[in-house]
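Chain by chain, the residues run as shown.
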Amino acid sequence: MKQLQYLSALAEHLHFGLAAESCFVTQSTLSAGIRELEEVLQAKVAERTNRSVIITPLGERLTAKARELLRGAEEMLDLAHSASAPLSGPLRLGVIPTIGPYILPAVLPSIHRNFPGLELYLREDYTDRLLERLQDGRLDLLLLALPYEMDGVETELLFEEGFVLACPTGHPLAEEVSVDTSAFAEQPLLLLEEGHCLRRHALEACSLEGRFKRKNYEASSMQTLVQMVALGMGITLLPQMAVEAEITKGLDISLVPLKEDIGTRQIGLVWRKSSARESEFRILGDLLLKAGPKKSSEGT
């Protein structure tokens, strides 16, 4: 199993040093493990050069099988852990960057206090990459914005949250009590770059796709977005949890509520249907629900 873990890591990183680091072993240990695996199989799984690592076609097929076996082994351990004590042992949680920084700080102390035996490992990434890691067993649970097209998973909706308009202080819209999306049509709208599902959810929720007459700008993170707003480059839509986390604190930004009939995004947990830890994930979901946006969670 250890050799299969090394193969999976090498196929992911295509670098012996990085693969060894991800497995918490030395590079020489991982290299020896790959050689031993090749000796047992009587076949090459990787081609080594001074500059790169290439996984052979056979190695790619074996990697897929290895990840199935590793996932099965993990699920056996999960079943044993859940039988002995809920939320104990390792749990690898994937979260998207438009959620993690704004909800996890509020819930992690409670998790640590109530489940001291839990070893929580966090990975922040785009939704599609997290789903890939979930399916091949490298992650156990995801905290995502929904809906998102997925197969072979179970989901639990935690809460819905709305959006808030962020505009520069002194902007004409800053004086409004609330605004409708029709007010955005003549404004430069700042958005997250492609890959962030918040971009799509905000546009879909507010029915904004294709309705702009002026060029829009993109940013790699919400922190960058609010800085751009403060500089007067345009307006943006922020999720409620980011507003409650005071992402705009100290900046020359005004926050204006949207009309009540404007849409929301859903926040939920996602796990493999084959996982033996569903009951534990739902316990964690209850804790996350309590840490969700106050206005949204109270109405859920």
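Just so we're clear, the structure is a prediction, and the values are computed from it rather than from any experiment.

Scoring rules and cut-offs
- Residues numbered from 1 in each chain as written.
- Predicted model: local features only at pLDDT ≥ 70, side-chain atom pairs only at ≥ 80, totals over all residues.
- Heavy atoms only, no water.
- Helix = DSSP H or I, 4+ residues; strand = E, 2+ residues; numbered from the N terminus.
- Buried < 20%, exposed > 50% of the residue type's maximum accessible area, 1.4 Å probe, protein only.
- Areas by Shrake-Rupley, 256 points an atom, 1.4 Å probe, with all protein chains shown as cover.
- 1 Å grid on protein atoms, 1.4 Å probe; cavity = no way out; pocket = protein on both sides within 12 Å on 5 of 7 lines; lining within 4 Å.
- Points joined across faces, edges and corners; volume = space filled by probe spheres on them.
- Nonpolar A, V, L, I, M, F, W, Y, C, P; charged D, E, K, R; others polar.
- Phe/Tyr/Trp six-rings, centres within 6.5 Å; stacked < 30°, edge-to-face > 60°.
- Axes fitted to C-alpha atoms, helices over the stretch in contact; angles between N-to-C directions.
- Parallel < 35°, antiparallel > 145°, perpendicular 65-115°, else oblique.
- Contact = heavy atoms within 4.5 Å.
- Pairing = 2+ DSSP bridges.
- Salt bridge = Lys/Arg side-chain N within 4 Å of Asp/Glu carboxyl O.
- pLDDT = per-residue confidence, 0-100.
- Polar contact = N/O pair within 3.5 Å; in protein donor to acceptor, adjacent residues only side chain to side chain.

Trainee: Before we move on, can you summarise the overall build of the chain with the specific residues and values?
Mentor: Check the secondary structure of the chain and you find 11 helices and 12 strands. Looking at the chain residue by residue over its 300 residues, the buried ones come to 49%. Here the chain has roughly 15200 Å² of accessible surface; of this, 51% comes from carbon and sulfur atoms.

Trainee: So what about the layout of surface pockets? Which residues, and what values?
Mentor: Roughly 920 Å³ of internal volume is contained in the largest pocket. Looking at the lining of the largest pocket, the elements that each hand over two or more residues are α1 (2–13), α4 (57–84), β3 (89–95) and β4 (118–124). The leading source of residues in the lining of the largest pocket is α4, at 7 residues. Classifying every residue of the lining of the largest pocket gives 12 nonpolar, 5 polar and 13 charged.

Trainee: Requested: an account of the packing of aromatic side chains, with residues and values cited.
Mentor: Tallied over the entire structure, the rule returns 1 aromatic pair. Look at Trp-271 and Phe-281: their rings are 5.6 Å apart centre to centre, the planes differ by 50°, and that puts the pair in the tilted class. Here Phe-281 lies in helix α10 (residues 278–290) and Trp-271 lies in strand β12 (residues 265–272), a separation of 10 residues in the sequence. Each member of the pair, Trp-271 together with Phe-281, is buried.

Trainee: Explain the packing of α1 against helix α3 (residues 27–41) to me, using residue names and the numbers behind them.
Mentor: Close contact between α1 and α3 brings their axes to 9 Å; oriented N to C, the two are set at 110°. In this view, α1 runs roughly perpendicular relative to α3, as classed from their interaxial angle. Contacts between α1 and α3 involve Gln-3, Leu-4, Tyr-6, Leu-7 and Leu-10 from the first element and Thr-29, Leu-30, Gly-33, Ile-34, Glu-36 and Leu-37 from the second. Across the contact of α1 with α3, the residue classes tally to 7 nonpolar, 3 polar and 1 charged.

Trainee: Could you give an account of the pairing of strand β7 (residues 163–168), with specific residues and numbers?
Mentor: Counting buried residues along β7, 6 of its 6 residues qualify, which places the element largely inside the surrounding structure. Looking at chain direction, β7 and strand β10 (residues 236–239) are connected through 4 bridges and run antiparallel. Paired with Phe-163 across the two strands is Pro-239, which belongs to β10. Of the strand pairs in this sheet, β7 and strand β11 (residues 253–257) are connected by 5 bridges, and their pairing is antiparallel. Its bridge partner lying in β11, Leu-165 is registered against Val-256.

Trainee: A description of the pattern of salt bridges should follow, citing residues and the corresponding values.
Mentor: Summed over all chains, the structure comprises 15 salt bridges. One salt bridge in this structure joins Arg-282 and Glu-156, with 3.7 Å as the shortest N-O distance. Of this pair, Arg-282 sits in helix α10 while Glu-156 sits in strand β6 (residues 153–161); the two residues are 126 residues apart in sequence, bridging distant segments of the chain. A residue is classified by how much of its surface remains accessible, and Arg-282, at 31% relative accessible area, is partly exposed. Using a relative accessible area of 15% as the deciding quantity, one classes Glu-156 as buried. Two residues, Glu-278 and Arg-282, come together in a salt bridge whose shortest N-O distance is 2.9 Å. With a gap of 4 residues between them, Glu-278 and Arg-282 both fall in helix α10, about one helical turn apart.

Trainee: Which residues make up the sheet that holds β6, and what are the values?
Mentor: Strand pairing in a sheet relies on backbone hydrogen bonds, with the paired strands running either antiparallel or parallel. Strands sit in the order β4-β3-β5-β12-β6 across an open sheet of 5 strands; the sheet is mixed. A single partner strand is all that each edge strand has here, and the edge strands are β4 and β6. Averaged over all neighbouring strand pairs, the angle between strand axes comes to 25°, with direction disregarded. Packing against the sheet, helix α5 (residues 100–114) makes contact with β3, β4, β5 (141–146) and β6, and its axis sits at approximately 175° to β4. Running over the sheet, α10 touches β3, β5, β6 and β12 and is turned about 10° from β6.

Trainee: Explain the confidence of the model for the chain residue by residue, including any values.
Mentor: Summarising the model, the chain shows a mean pLDDT of 84, and 89% of its residues fall at 70 or more. For the chain, helix α11 (residues 294–298) is the element with the lowest average pLDDT, namely 46, and β5 is the one with the highest, namely 93. Scored below 50 in pLDDT, residues 296–300 makes 9 contacts in the model with residues more than four places away or belonging to other chains.

Trainee: Account for the sheet that holds β7, naming residues and giving values.
Mentor: Here 3 strands make up an open sheet; going across it, the order is β10-β7-β11 and the pairing antiparallel. At either margin of the open sheet sits one strand with a lone partner, and together these are β10 and β11. When the angles between neighbouring strand axes are averaged without regard to direction, this sheet yields 40°.

Trainee: Tell me about the side chain of Arg-272, and name the residues and values.
Mentor: Residue position: Arg-272 is located in strand β12. Of the polar contacts made by the side chain of Arg-272, one reaches the backbone oxygen of Leu-139; its length is 2.8 Å. The residues touching Arg-272, leaving out its near neighbours within four places in the chain, are Arg-71, Glu-75, Leu-134, Gln-135, Gly-137, Leu-139, Asp-140, Gly-152 and Val-153.

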